[in-house]
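A structural walkthrough
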Amino acid sequence: MRSILVLAAVAILPVLSSYGDQTHEYRDCVTEKMRACDYNAFDMSLKIFGWDCLSDCQYRCAVEITEKRQSKNLQVYQYNGKWAFKRWLGLQEPASVFFSFLNGFAVFLGISNLVARVPVTYVLFHTWLAYGIVCLITWFVSFLFHAKDTITTEILDYLGASTMVMLSLYCMLLRISGRDQYGKIKNKLNYKYGVPIFMLFLYHAYNLGFYKKIDYGYNMKFNVFIGVTHHCILLGWGLWNWSYRAHVKKAVMVIVGSSLALLLELGDFPPYYGIFDAHALWHAATVPLTVIWWSFIVDDCVFETNYYKRKVI
C-alpha cells in the first residue's frame, strides 16, 4: 500500500500548476518522505483537519525547501498553488483562518444589531437578514478552506464569495428601487432583479469548475466585475443622497476601503514569517470594513423605517 501511495504522489505532481511542483528537489523530497510516513503517528489536530500522508509530506517539503532557499537569498516558489505557510494546530493558513473568523463574527454582530434595532415589518428586513446568513456561511466556508485546502472546500469558498458579492448587488438594487407611499417595493422588482442574478450565478458556478478545472483568472475577473458594478451603483446613490443621509458616508468609506484592499487581493507575495501573505492581509483589511458596512445597513434601515412612518402619518 505504501509503495502505491508513493507512486501516486509522483504521478500527481506533474499535473499541478505551480513551478515548485515540477522541481526535482521537491518531487524527490515528497517521494522520500512518503516512504517513511506513518499516519498513525499524526497529531490529532492533523487528523481532524483532514491531513493525510501525501498532503503532510507535500507541506513539509514545501516549508523545508522554502526555508533553505530563503537562507541562501534565492527566489522562493509556490507549491500546489500555494506559498509555503507554517501551519499551527493543523491549520494550513492560520492567519487567514483567524481573520475569516473575525469577519464572520463582525457579520454576526451586524445581524444582532439589525434584529435589535429594525422592526420585522420593514420591507427589506428579511432580505438583509438572509444576506447576513449567507455572509456568515461564506466566512465559515472561508474558515474551512484556509484551515485545510481541498477541492471541495476550494469550490465552496469560491462559490461562497461569488454568492456574497452577487447578493450584495441584488440587495443594493432593491434598496435604490422605487417605492410606493408605504415604502413597499413596486412592480415585483425583487423578481425582476433576482431571477437574472440567480441565472448569472448558475452560469458562473458552471464555469467555475464543476465540469472542468477551476479557472482562477476567470473567477477573479467575474467577482471584480460584479463588485465594481455594485460599488458604482452604491457610490452614485451615496453621492446623490450625501447631503441629507449622514449614514451614506459609511457606505462611501467601505467603497474606498474595499477598493484599496482589493490591491492586496490582486497582489501576491510570499508570506512574511510564513504566515502573512497578501490574501491574509486582505482578510484582515475586510474586518473593519465589514463592521462599517453593517453599521451602514442598520442605520439605513432605521432611517427608512422612520421616513416612511412620518410619511404615512
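Below, the structure is looked at part by part. Predicted model, so just to flag it, every value in this text is computed and none were measured. (Residues numbered from 1 in each chain as written. Predicted model: local features only at pLDDT ≥ 70, side-chain atom pairs only at ≥ 80, totals over all residues. Heavy atoms only, no water.)

**Structural notes on the overall build of the protein**
Test applied: Going along the chain from the N terminus, every DSSP run of H or I of four or more residues is numbered as a helix, and every run of E of two or more is numbered as a strand. Type-normalised accessible area, obtained with a 1.4 Å probe on protein chains alone, sets the label of each residue: buried when under 20%, exposed when over 50%, and partly exposed for intermediate values. Any two residues whose heavy atoms approach within 4.5 Å are treated as being in contact.
Broken down by element type, the protein carries 11 helices and zero strands. Each helix (α) and strand (β) of the protein, taken in turn from the N terminus, gives the series α-α-α-α-α-α-α-α-α-α-α. Per-residue burial over the protein gives 45% buried out of 313 residues. In the protein, of all internal contacts separated by at least 6 residues, the share reaching a separation of at least 24 is 68%.

**Notes on unusual backbone geometry**
Unusually for a residue other than glycine, L89 sits at a positive phi of about 55°. You can see L89 is positioned in the loop between helix 4 (53-71) and helix 5 (94-117).

**Focus: the packing of aromatic side chains**
For the record, the criterion: Within 6.5 Å between ring centres, the rings of Phe, Tyr and Trp (the latter by its six-membered ring) count as paired, and their orientation is classed by plane angle as stacked under 30 degrees, edge-to-face over 60, tilted in between. Two conditions define a charge located above a ring, namely a distance within 6 Å from the ring centre to NZ of Lys or CZ of Arg, and an angle within 35 degrees of the ring normal.
A complete count under the given rule lists 11 aromatic pairs for this structure. Ring plane angle 25° and centroid distance 6.4 Å describe the contact between F105 and F108, whose orientation is recorded as stacked. With F105 and F108 both in helix 5 and three residues apart, the pair spans about one turn of that helix. Taken together, W128, Y131, W237, W293, W294 and F296 form an aromatic cluster joined through their ring pairs. One Lys or Arg, K47, reaches over the ring of Y39 and ends 5.2 Å from the middle of that ring. In this structure, R87 packs its charged tip against the face of W51, placed 4.6 Å from the ring centre.

**Describing the pattern of salt bridges**
Rules: Any Lys or Arg side-chain nitrogen located within 4 Å of an Asp or Glu carboxyl oxygen qualifies as a salt bridge.
In total, this model carries seven salt bridges according to the counting rule given. With a shortest N-O distance of 3.2 Å, D299 and R117 are connected by a salt bridge. With D299 in helix 11 (residues 278-312) and R117 in helix 5, this residue pair connects regions lying 182 residues apart in the sequence. We classify D299 as buried; its relative accessible area is 17%. Note on R117: relative accessible area 41%, which makes it partly exposed. Residue D300 pairs with R175 through a salt bridge whose shortest N-O separation is 2.4 Å. With D300 in helix 11 and R175 in helix 7 (residues 151-175), the pair connects residues that are 125 residues apart, well separated along the chain. Given the relative accessible area of 5%, R175 is considered buried. Through salt bridges that share partners, R175, R245, D300 and E304 make up one connected network.

**Quick look at the packing of helix 2 (residues 24-36) against helix 4**
Just so we agree on the cut-off: Think of each axis as a best-fit line through the C-alpha atoms, taken over the contacting stretch in the case of a helix, with angles from 0 to 180 degrees between the N-to-C directions. Any angle from 65 to 115 degrees is called roughly perpendicular, while one under 35 is roughly parallel, one over 145 is roughly antiparallel, and all others are oblique. Two helices that cross are described as forming a left-handed crossing if the nearer one is turned anticlockwise from the farther one by less than a right angle, and a right-handed crossing if clockwise. Residue type decides the class: Asp, Glu, Lys and Arg count as charged, Ala, Val, Leu, Ile, Met, Phe, Trp, Tyr, Cys and Pro as nonpolar, and the leftover types, Gly among them, as polar.
Packing of helix 2 against helix 4 leaves a shortest axis separation of 9 Å and a crossing angle of 135°. When the axis of helix 2 is compared with that of helix 4, the two are oblique. Classified by chirality, the crossing of helix 4 by helix 2 is right-handed. Residues E25, Y26, C29, V30, K33 and M34 of helix 2 touch helix 4, and the partners they reach there are C53, L54, C57, Q58, R60, C61, A62, E64, I65 and K68. Its residues placed into classes, the contact of helix 2 with helix 4 shows 10 nonpolar, one polar and five charged.

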